[in-house]
Amino acid sequence: MELSEPNSAGAGDFVGGLRRSGVLREQEHLNGLLPVAETQATTVLAFKFSDGVLVAGDRRATAGNVVMYDRADKVLEIDRHSVMAIAGSPATAWEMARVLEHSFQFYRRSQLQEMRVDGKVRALSKLLRDNLGMVLQGIGVVVPLFATYDHSSSDPAKVFFYDAMGAQFEATDFAASGSGGPSVRSILYYENAWGKTPLRELDQKNAINIALRALDTAAEADTATGGIDRQGKIFPIIKIVNKEGITTVPFDVLSSLFHATFSPS
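The shown structure was predicted, so the numbers you read here are calculated from the model rather than taken from an experiment.

### Section: the overall build of the protein
Scanning the protein from terminus to terminus reveals seven helices and 13 strands. Counting the 265 residues in the protein, one finds 46% classified as buried. Total accessible area computed for the protein in this model is approximately 14300 Å², and 54% of it derives from carbon and sulfur atoms.

Next comes the structure, spelled out in structure tokens:
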């Protein structure tokens, strides 16, 4: 069912409204051929906990209703204390990540100091604005998260989220993006407001468990979110950003935590 049909799930969205009004027209198919389905990657999340910032992403990449890959890496290290988590077009997002990495390296080597956090955040915002032309054509949309650790701040753990036009927002406690983002945000809000321990007070073990629960729950409602494959031993990518730098949580740690927490007693 097309988004422009009145009974479709996306009939009320902005792009669908533009299509129905004729403002946005679909590209005509060349020689009657259908357009190539763009690969998309979702879902990512980030939240502050007692030791810094946890950033996680599921592993699934899709093209339309086809699963392209179930081991995609959507949490990318940009420098020693910065991570970009991608939702949207992985081809565009990975290129943005490479540009950011080289920009931060060049600044550090030429200025003999790290770029300030506000400079890093604006650099990603500019890349998103520069990509707006592709977004208006309906391809290359990226809606990332950016997490970093600012040693000079009284609240050093930082999480930022963006829209497709490059607007930047700093999250107080947590953020999520991608097709499973609404489910993840609901889970994180519940845990932060009504759980036994607020997110900022969680230790690393419990923070990892919350991230696993959130992504696995989102996968139940969103087919584009990979969740956890018990048989294939596929787990989300989870990275910790703190004053020591960036740590990738090993597979065996995720596996042991998951099975200890979720296996029936």
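### Regarding the pattern of salt bridges
Scanning all chains against the criterion turns up 14 salt bridges. Close ionic contact of glutamate 114 with arginine 108 constitutes a salt bridge, the shortest N to O distance being 3.9 Å. Overall, glutamate 114 belongs to the partly exposed group, its relative accessible area being 31%. On the basis of relative accessibility, which here comes to 22%, the residue arginine 108 falls in the partly exposed class. Of the charged contacts in the structure, one is a salt bridge between glutamate 170 and lysine 158, with a shortest N-O distance of 3.6 Å.

### Here we look at the confidence of the model for the protein
Summing up the model confidence of the protein, the mean pLDDT is 87 and the portion of residues at 70 or higher is 84%. Long-range and interchain partners of residues 1–12, a stretch whose pLDDT sits below 50, account for 13 contacts in this model, where long-range means more than four residues apart.

### A word on the packing of aromatic side chains
Counting across every chain of the model gives three aromatic pairs. With a centroid separation of 5.4 Å and an interplanar angle of 70 degrees, the aromatic rings of phenylalanine 235 and phenylalanine 251 are classed as edge-to-face. With phenylalanine 235 in the loop between helix 6 (204–221) and strand 12 (237–242) and phenylalanine 251 in helix 7 (residues 251–262), this pair connects stretches of sequence that are 16 residues apart. We classify phenylalanine 235 as buried; its relative accessible area is 4%.

### Describing the sheet that holds strand 11 (residues 174–177)
What the five strands build is an open sheet, ordered 11-2-3-12-13; its pairing is antiparallel. Two strands bound the open sheet, and with one partner strand each, they are strand 11 and strand 13 (245–248). The mean angle between the axes of side-by-side strands here comes to 15 degrees, regardless of whether they run parallel or antiparallel. Pairing analysis gives six bridges linking strand 2 (residues 44–49) to strand 3 (residues 52–57), with the strands arranged antiparallel. Counterpart to phenylalanine 47 in the pairing with strand 3 is leucine 54. In the packing of helix 5 (residues 181–194) onto the sheet, the strands contacted are strand 2 and strand 11, and the crossing angle to strand 11 comes to about 165 degrees. Sitting on the sheet, helix 6 is in contact with strand 2, strand 3 and strand 12, with an inclination near 155 degrees to strand 2.

### Here we look at the side chain of arginine 59
Tracing the chain through its elements places arginine 59 in the loop between strand 3 and strand 4 (61–63). At 3.1 Å, the side chain of arginine 59 and the backbone oxygen of arginine 71 are in polar contact. Apart from residues lying up to four places away in sequence, arginine 59 is in contact with Tyr69, Asp70, Arg71, Ala72, Lys74, Ile234, Phe235, Pro236 and Ile237.

### What to know about the sheet that holds strand 4
The strands that make up a sheet pair up through hydrogen bonds in the backbone, lying either parallel or antiparallel. One open sheet holds the three strands; their spatial order is 1-4-5, and the pairing between them is antiparallel. Edge positions in the open sheet fall to strand 1 (39–41) and strand 5 (66–69), since each of these has one partner strand only. In this sheet, neighbouring strand axes are inclined to one another by 40 degrees on average, regardless of whether the strands run parallel or antiparallel. Bridge count for strand 4 against strand 5 is three bridges, and the pairing is antiparallel. Looking at the pairing, threonine 62 lines up with valine 67 of strand 5.

### Brief notes about the environment of alanine 97
For alanine 97, the position within the fold is in helix 2 (residues 90–111). Owing to a relative accessible area of 7%, alanine 97 belongs among the buried residues under this scheme. Spatially, the C-alpha atom of alanine 97 lies 9.6 Å from that of leucine 127, the residues being 30 residues apart in sequence. In contact with alanine 97, other than residues within four places in its own chain, are Leu76, Ile78 and Met84.

Rules used in this analysis
Residues numbered from 1 in each chain as written. Predicted model: local features only at pLDDT ≥ 70, side-chain atom pairs only at ≥ 80, totals over all residues. Heavy atoms only, no water. Helix = DSSP H or I, 4+ residues; strand = E, 2+ residues; numbered from the N terminus. Buried < 20%, exposed > 50% of the residue type's maximum accessible area, 1.4 Å probe, protein only. Areas by Shrake-Rupley, 256 points an atom, 1.4 Å probe, with all protein chains shown as cover. Salt bridge = Lys/Arg side-chain N within 4 Å of Asp/Glu carboxyl O. pLDDT = per-residue confidence, 0-100. Contact = heavy atoms within 4.5 Å. Phe/Tyr/Trp six-rings, centres within 6.5 Å; stacked < 30°, edge-to-face > 60°. Pairing = 2+ DSSP bridges. Axes fitted to C-alpha atoms, helices over the stretch in contact; angles between N-to-C directions. Polar contact = N/O pair within 3.5 Å; in protein donor to acceptor, adjacent residues only side chain to side chain.

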